[in-house]
Amino acid sequence: CETVAKHMTKLTQISILLFVLSATLSDCESKKKLTYLETEEKIFYELFPVLIDNIYRDFRLIPPPPPPPEYLAEKGFDTTKDYNQAYKDWEKSEDYVKRQNAWERKRDSIKRDTTLIYVAIPDSINRFEEEDMYELVDHFNKQKLVIDSNDFDLNIGFKIDFKKLKTNHENLRFKPMSEFPKGRDFWRTKYDFNLTASISFSRILFDETKSFGVLNAGFVEGPLNGSGCRIFIKKGENGKWLIDKIEGTWIS
């Protein structure tokens, strides 16, 4: 009996030791998963589909601009006194209906088109906007946020895993910027695929609780056709990250 008791004691000690080692390893693994950069990457990929929904636009689907005064004048509408009134009168004409119907047919045809559309994205996300520290606190002022600066390193970033870039657009694809010519040749080069735009992102800045954050994005469709925005994000009640607000920051 004494031998059995000693044997059981050893088994108990071994079990306790294994439990402690397991808990320690689990704790280390948990801490590893919660590093700032890995958390940032995870949230970026989680948010990417909704980011694209809010930032990307197919320029082919943008409605045509109002016709110039000369066009309305040719159709018999007086634009010399009040262009806005002339435009409203033109909207009631058969010419407007014809143009509108033609545009809607074109729009529907584009929506049915299954041709792949490509957008260029930088291979890595390293940039950080220092102004975001103040903007984040100011935007969520009721929460009295404290910026998470202890683990945030301005000198590092992360390489984008293009396999993780999901989108709600069936015919939209993404290519690394490194595959394209640099400088002005980016837009001057003729490609054997449909390149429509380039999109860039800054790193995400969080508060200490990692419940609120901010990042920047840029959307460019040509050498002198682009815009930028600041995107405020927050963690919802179900733990899913959401866009709280998007503010324009620049346009060209």
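Cut-offs used in this document
Residues numbered from 1 in each chain as written. Predicted model: local features only at pLDDT ≥ 70, side-chain atom pairs only at ≥ 80, totals over all residues. Heavy atoms only, no water. Helix = DSSP H or I, 4+ residues; strand = E, 2+ residues; numbered from the N terminus. Buried < 20%, exposed > 50% of the residue type's maximum accessible area, 1.4 Å probe, protein only. Areas by Shrake-Rupley, 256 points an atom, 1.4 Å probe, with all protein chains shown as cover. Phe/Tyr/Trp six-rings, centres within 6.5 Å; stacked < 30°, edge-to-face > 60°. Lys NZ or Arg CZ within 6 Å of the ring centre and 35° of its normal. Bend = angle between axes of the 7 residues up to and from the residue. Core = buried A, V, L, I, M, F, W, Y, C linked by side-chain atoms within 4.5 Å. Contact = heavy atoms within 4.5 Å.

Caption draft 1: Local environment of the overall build of the chain. Regarding its fold elements, the chain presents seven helices and nine strands. Looking at the chain as a whole, 32% of its 252 residues are labelled buried. For the chain, the accessible surface area stands at approximately 16,700 Å², while carbon and sulfur atoms represent 53% of it.

Caption draft 2: Up close: the packing of aromatic side chains. A complete count under the given rule lists 21 aromatic pairs for this structure. Residues Tyr56 and Phe219 carry aromatic rings whose centres are separated by 5.9 Å and whose planes lie at 80° to one another, so their mutual orientation is edge-to-face. Of the two residues, Tyr56 is situated in the loop between helix H2 (36-55) and helix H3 (69-74) and Phe219 in strand E7 (residues 212-222); the sequence distance between them amounts to 163 residues. By relative accessible area, Tyr56 is classed as buried at 10%. Since its relative accessible area comes to 2%, Phe219 is described here as buried. Ring centres of Tyr118 and Phe193 lie 5.1 Å apart, and the angle between their planes is 65°; this geometry places the pair in the edge-to-face category. Taken together, the residues Tyr118 in strand E1 (residues 117-121) and Phe193 in the loop between helix H7 (185-188) and strand E5 (194-201) connect sequence positions 75 residues apart. The structure contains a cluster of three or more aromatic residues connected by ring pairs, namely Phe44, Tyr45, Phe48, Phe158, Phe174 and Phe201. The side chain of Arg99 reaches across the aromatic face of Tyr71, ending 4.7 Å from its centre.

Caption draft 3: Representation of H2 within the structure. In the structure, H2 departs most strongly from a straight axis at Phe48, where the bend amounts to approximately 50° and where the proline Pro49 lies between one and four residues downstream. Restricting attention to buried positions, one finds in H2 the residues Tyr36, Thr39, Glu40, Ile43, Phe44, Tyr45, Leu47, Phe48, Pro49, Leu51, Ile52 and Ile55.

Caption draft 4: Looking closely at the nonpolar core. In this structure, Phe44 and Phe201 are the most contacted members of the largest nonpolar core, which totals 40 residues. Elements represented by at least two residues in this core include exactly H2, E1, strand E4 (172-176), E5, strand E6 (205-206), E7 and strand E8 (225-235). No other element matches H2, which puts nine residues into this core. When near neighbours in sequence (up to four residues on either side) are disregarded, Phe201 contacts Phe44, Phe48, Leu51, Ile55, Ile125, Arg127, Leu215, Asn216 and Ala217. In this structure, Tyr71, Phe77, Ala86 and Trp90 belong to the second largest nonpolar core, which totals five residues.

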